[in-house]
Amino acid sequence: MTWGLERIMQPTLDVLEALVRAYEDNEQIHGWAIMKAAHRAGPTVYKVLDRIEVAGMITGEWEELGPDRPGPRRRFYRLTGEGIRAARALIAERRPSAAKPRPAFGFTRVVQFCALAGGR
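Residues numbered from 1 in each chain as written. Predicted model: local features only at pLDDT ≥ 70, side-chain atom pairs only at ≥ 80, totals over all residues. Heavy atoms only, no water.

Quick look at the layout of surface pockets now. Considering only enclosed or pocket space, the second largest pocket measures out at about 160 Å³ in volume. At four residues, the largest contribution of residues to the lining of the second largest pocket is made by helix H3 (residues 42–54). For the lining of the second largest pocket, the class distribution of residues is three nonpolar, two polar and three charged. (1 Å grid on protein atoms, 1.4 Å probe; cavity = no way out; pocket = protein on both sides within 12 Å on 5 of 7 lines; lining within 4 Å. Points joined across faces, edges and corners; volume = space filled by probe spheres on them. Helix = DSSP H or I, 4+ residues; strand = E, 2+ residues; numbered from the N terminus. Nonpolar A, V, L, I, M, F, W, Y, C, P; charged D, E, K, R; others polar.)

Mapping Ala86 onto the fold places it in helix H4 (residues 81–94). The exposure class assigned to Ala86 is buried, which follows from its relative accessible area of 11%. (Buried < 20%, exposed > 50% of the residue type's maximum accessible area, 1.4 Å probe, protein only.)

Summing up the model confidence of the chain, the mean pLDDT is 84 and the portion of residues at 70 or higher is 76%. The model gives residues 107–115 a pLDDT under 50, and that stretch makes three contacts with residues more than four places away or in other chains. (pLDDT = per-residue confidence, 0-100. Contact = heavy atoms within 4.5 Å.)

Another aspect to go through is H4. The terminal C-alpha atoms of H4, which comprises 14 residues, lie 20 Å apart, in line with the 20 Å expected from a rise of 1.5 Å per residue. Among the residues of H4, those classed as buried are Gly83, Ile84, Ala86, Ala87, Leu90 and Ile91. The buried residues of H4 occupy an angular sector of 165° when the element is viewed end-on, so they sit on one face. Within H4, the exposed residues directed more than 90 degrees away from the buried face are Arg85 and Glu93. (Expected span 1.5 Å × (residues − 1). Arc of directions from axis to C-beta.)

The full count for this structure, using the stated rule, is 10 salt bridges. A salt bridge links Arg85 to Glu82, with the nearest nitrogen and oxygen atoms 2.7 Å apart. With Arg85 and Glu82 both in helix H4, this residue pair falls three residues apart, about one helical turn. Each of Asp14, Glu17, Arg21, Arg40 and Arg95 takes part in a single network of salt bridges with overlapping partners. (Salt bridge = Lys/Arg side-chain N within 4 Å of Asp/Glu carboxyl O.)

Grouped together as the largest cluster of nonpolar side chains are 25 residues, with contacts concentrated most on Val15, Leu16, Leu19, Ile34, Leu49 and Ile52. The greatest single-element share of this core, amounting to seven residues, is contributed by helix H1 (residues 10–24). For Leu49, the contacting residues outside a window of four places in its chain are Val15, Leu19, Ile34, Ile58 and Tyr77. (Core = buried A, V, L, I, M, F, W, Y, C linked by side-chain atoms within 4.5 Å.)

Where helix H2 (residues 31–38) meets H3, the closest approach of the two axes is 10 Å, and the angle between their N-to-C directions is 110°. Here H2 is positioned roughly perpendicular relative to H3, judged by the angle of their axes. Between H2 and H3 lies a crossing whose hand is right-handed. Taking contact as the criterion, the partners of Gly31, Trp32, Ile34 and Met35 in H2 are, on H3, Gly42, Val45, Tyr46 and Leu49. Residue composition of the contact of H2 with H3, by class: six nonpolar, two polar and no charged. (Axes fitted to C-alpha atoms, helices over the stretch in contact; angles between N-to-C directions. Parallel < 35°, antiparallel > 145°, perpendicular 65-115°, else oblique. Left-handed = near helix turned anticlockwise from the far one by under 90°.)

Topologically, Pro11 is positioned in helix H1. The residues touching Pro11, leaving out its near neighbours within four places in the chain, are Arg40, Thr44 and Val48.

If you want it as structure tokens, here you go:
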């Protein structure tokens, strides 16, 4: 399923990878953080976000600001259930090396510690 996305270009895959990482880490991610993770400019990222939100792959929600936090509100994005499946499938198809599961944070640290400790 293409989700109404006729052509999947590199910027779309970059944004989807950032969204998948945030989903897997159970983190909220906003546009600026997606720009940094995807190494893409704002207009490119927001165009992709608009397209995939219209396609139903993500939901966006504006943050609530209290009186103690001035400044502009951020919009947080999260992949939907169908969106995560579609994003993973697209990444696996177009970027097989990027689709490999990442080890859990704790596991990586244990492996690094064991390597530093001489394999014990």
